[in-house]
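# Remarks on the overall topology
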Amino acid sequence: MHSLRGQLVFFWVLLFGACLALAGMMFTLYQDSAGAQIAAARSATESSCQNITTRYAKSLPASSEQAPRVDLLQVLLQLVLIEAPQVEGGVWQTRNGHLAYAYPTYEGSSVKRDVPEAEQPLITEMAERAVRTRQTQTDVVRGSREALIVTACPLPAANDDLAAWTMTRSHGGALAAQDSLRAGLAGLLVLVVVSGLWLGAILLRGLRHVQRLEARLVQAHADGGAMPELTRTGVSELDRIVDSFNHYRLRFDEARTTLRAAAQQRHRDQRLAALGRMTAGIAHEIRNPIATMRLKAENALHAAPDRQGQALQAIVGQIDRLDGLVHSLLALVQPITLATDVVALDAWLADRLATVSARAATSGVQLILMPGAPATAVFDPMHMARAIDNLLDNAVRHTPSGGTVRLSAFRQTQPGSQPSRPSSLTLSSAESSDTASGLPAHSSGKPGDAGTLVIRVDDTGPGIPESLQVSLFEPFATGRADGTGLGLALTREVALAHGGDVHYVFLDPGARFDVELPWRAS
């Protein structure tokens, strides 16, 4: 039982059980208290009256036409009432009134022989009712100090005008016992209901505050923003947690600012290191065309005029090669400013295959667009087209005749682990594009609960040599004599600008490149 709800419910159940136990104790005490004395006194008067009736019926002569015998009635009263302490009684007749009276357990100094004068009207009324209805009648008259219990029973007589009555008194405190019991039980019931409602209100209010805080955190996570500042709830316990969270948020923001500064410094260091590696690659890529152009130009100076055109064409080809190198370098080092849009994937993927269809047909390579792509996705269609076109171009170039190149796209809800970024110039460009693109900086392709969009290019070529896999996405890392090694670097640069990454997977046979982008709702 770790939840607050369970603990409060358990507490209320304990309270309810305690109230039930207290109610049982109150009822038990009532049975033994003055309240039970009224019931006992009533039972004593009724049983005594019935005993008088039973004994009188047994003692009647065969003919009951004669008048009642007072001496017999007096004896019966004495015999019966001697066994009922504090009970007095008598016999009443319609025509003659009170015929007999007895109070054998009277605790006074003398024998009591007269019917109590104050109670005679009530006794007469009860006796008349018993004679009229031929049923036992009992009445309880409650006073401020005592309760008077009177019972009248019809006796067999020629004119059905004879009745026996019994009477006793109970202490006045017993009168309030039943009302007190009812009031106590009602109070316990009210306590249980009110406590349940009160605890329910506390629980509901606390859960609403918790749900509001949870919704705030979930919304901030969905928006991809920083840790939000939570508002106080008015509940001191929750407010302590809120204050601690807000204090931690400030420390977290400071740590994140420090981390970003350290990451920027690291990226600058990596850029310098990458620039050093690029310098050698650029020098090599420029020196060869220049040497070729120099050789062609020198030969053209000493050659016949009809051969100078061929030399000039070779020089123009080398100039085009240098121009392509310069454009690739500019595309690699310049910040990528994204213009994201909702893209219809099926048509966009078909356009990507169309760009390499001529080369694939010449090489005898089959292009296949795999089904199952989401209807739409959100990314920059122009920059992403350059990235996927590079992958498709490499796949077609390295796939032998009769092989296949497959292009597919799907949504992945559980992204796998990401390899670390290489030390290359792509990092510096990704760093500069984070702010311009409006995407979370350095997300490393881990979008969280929304998942990722994976655009996959598979081929059946020989795969990437192990010697190139370590520096696969660095500039000038290429296995082709006519290649610059900038295509894969630019592809990863575009993926990083989107907050994603590119992964190489070895196939047997072939190679696979997965471009993973954070999934964003259309």
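Calculation notes
- Residues numbered from 1 in each chain as written.
- Predicted model: local features only at pLDDT ≥ 70, side-chain atom pairs only at ≥ 80, totals over all residues.
- Heavy atoms only, no water.
- Core = buried A, V, L, I, M, F, W, Y, C linked by side-chain atoms within 4.5 Å.
- Buried < 20%, exposed > 50% of the residue type's maximum accessible area, 1.4 Å probe, protein only.
- Helix = DSSP H or I, 4+ residues; strand = E, 2+ residues; numbered from the N terminus.
- Contact = heavy atoms within 4.5 Å.
- Disulfide = S-S within 2.5 Å.
- pLDDT = per-residue confidence, 0-100.
- Axes fitted to C-alpha atoms, helices over the stretch in contact; angles between N-to-C directions.
- Parallel < 35°, antiparallel > 145°, perpendicular 65-115°, else oblique.
- Left-handed = near helix turned anticlockwise from the far one by under 90°.
- Pairing = 2+ DSSP bridges.
- Salt bridge = Lys/Arg side-chain N within 4 Å of Asp/Glu carboxyl O.
- Phe/Tyr/Trp six-rings, centres within 6.5 Å; stacked < 30°, edge-to-face > 60°.

Here we take up the nonpolar core. Judged by nonpolar contacts, the single largest core of 38 residues is most densely connected at Trp348, Phe379, Met384, Ile388, Ile455 and Val515. Elements with a contribution of two residues or more to this core: α8 (345–355), β8 (376–379), α10 (381–398), β9 (404–412), β10 (452–459), α13 (487–497), β11 (501–506) and β12 (511–518). Here this core takes eight residues from α10, the largest share from any one element. Not counting residues up to four positions away in its chain, the partners in contact with phenylalanine 379 are Ala339, Thr340, Asp341, Val343, Leu345, Trp348, Met384, Leu453, His498 and Leu517. Cys49, Ala84, Ala102 and Leu162 belong to the second largest nonpolar core, which has 18 residues in total.

The subject of this paragraph is the state of the cysteines. Taken as a whole, this structure holds one disulfide when the rule is applied. Across the disulfide from cysteine 49 sits cysteine 153; the S-S distance is 2.1 Å. Separated by 104 residues along the polypeptide, cysteine 49 in helix α2 (residues 34–59) and cysteine 153 in strand β4 (residues 146–155) bring together distant segments of the chain. Of the two residues, cysteine 49 and cysteine 153, both sit in the buried class.

Note: predicted coordinates in regions of low pLDDT should not be interpreted at a detailed level. When pLDDT is averaged along the protein, the result is 77; 75% of the residues meet or exceed 70. Between the elements of the protein, mean pLDDT differs from a low of 35, seen in helix α11 (residues 425–437), to a high of 94, seen in β10. Predicted confidence for residues 415–449 stays below pLDDT 50, and this span has 83 contacts to residues more than four positions away or in other chains. Segment residues 479–483: pLDDT under 50, and seven contacts once partners within four positions in sequence are set aside and those in other chains are kept.

At their nearest, the axes of α8 and α10 sit 10 Å apart, and the two run at 45° to each other. Taken together, α8 and α10 sit at an angle that is classed as oblique. For the pair α8 and α10, the sense of crossing is right-handed. Where α8 approaches α10, its residues Trp348, Arg352, Leu353 and Thr355 are matched on the opposing element by Pro381, Met384, Ala385, Ile388, Asp389 and Leu392.

What follows covers the sheet that holds β9. Here five strands make up an open sheet; going across it, the order is β7-β9-β10-β12-β11 and the pairing mixed. At either end of the open sheet lies a strand with only one pairing partner, and these are β7 (366–369) and β11. If you compare each strand with its neighbour and ignore which way they point, the axes differ by 15° on average. Here β11 runs beside β12; their pairing, made up of six bridges, is antiparallel. Counted as the bridge partner of valine 502 is valine 515 from β12. Along the sheet, α8 contacts β7, β9 and β10; its crossing angle with β7, the most-contacted strand, is approximately 170°. Taken strand by strand, α10 contacts β7, β9, β10 and β12, and its axis lies near 25° from that of β10.

Before going further, it helps to spend a moment on the pairing of strand β2 (residues 97–102). Two strands pair when backbone bridges link them, and strand β1 (residues 87–93) and β2 are joined in this way by five bridges, in the antiparallel orientation. The partner of glutamine 93 across the bridge, within β2, is glycine 97. Between β1 and β2, which follow one another and run antiparallel, lie three residues.

A word on the pattern of salt bridges. Applying the stated criterion across every chain yields a total of 14 salt bridges. For the salt bridge of glutamate 125 with arginine 129, the shortest nitrogen-to-oxygen distance reads 3.0 Å. With a gap of four residues between them, glutamate 125 and arginine 129 both fall in helix α4 (residues 120–133), about one helical turn apart. Residue classification places glutamate 125 among the partly exposed positions, given a relative accessible area of 42%. The exposure class of arginine 129 is partly exposed, given its relative accessible area of 25%. We note a salt bridge from arginine 359 to aspartate 393, for which the minimum N-O separation is 3.3 Å. One end of the pair, arginine 359, is in helix α9 (residues 357–363); the other, aspartate 393, is in helix α10, and 34 residues separate them in sequence. By relative accessible area, arginine 359 is classed as partly exposed at 36%. Among the ionic contacts, a cluster of salt bridges with common partners joins Glu88, Glu119 and Arg169.

Our next topic: the packing of aromatic side chains. Evaluated as defined, the whole model comprises four aromatic pairs. Aromatic side chains tyrosine 103 and tyrosine 106 sit 5.4 Å apart centroid to centroid with 50° between the ring planes, which places their arrangement in the tilted category. Of the residues examined, tyrosine 103 reaches a relative accessible area of 11% and is grouped as buried. Plain terms: the ring middles of tyrosine 504 and phenylalanine 513 are 5.4 Å apart, the flat faces sit at 50° to each other, and that makes the pair tilted.

Turning our attention to unusual backbone geometry. Of note, the bond from aspartate 508 into proline 509 is cis; its omega dihedral lies within 30 degrees of zero at 5°. For proline 509, the position within the fold is in the loop between β11 and β12. Residue glutamine 86 is not a glycine yet carries a positive backbone phi of 65°. Following the sequence through the fold, glutamine 86 ends up in the loop between α3 (70–81) and β1. Positive phi, normally seen in glycine, also occurs at arginine 134, with a value near 55°. Mapped onto the secondary structure, arginine 134 falls in the loop between α4 and β3 (137–142).

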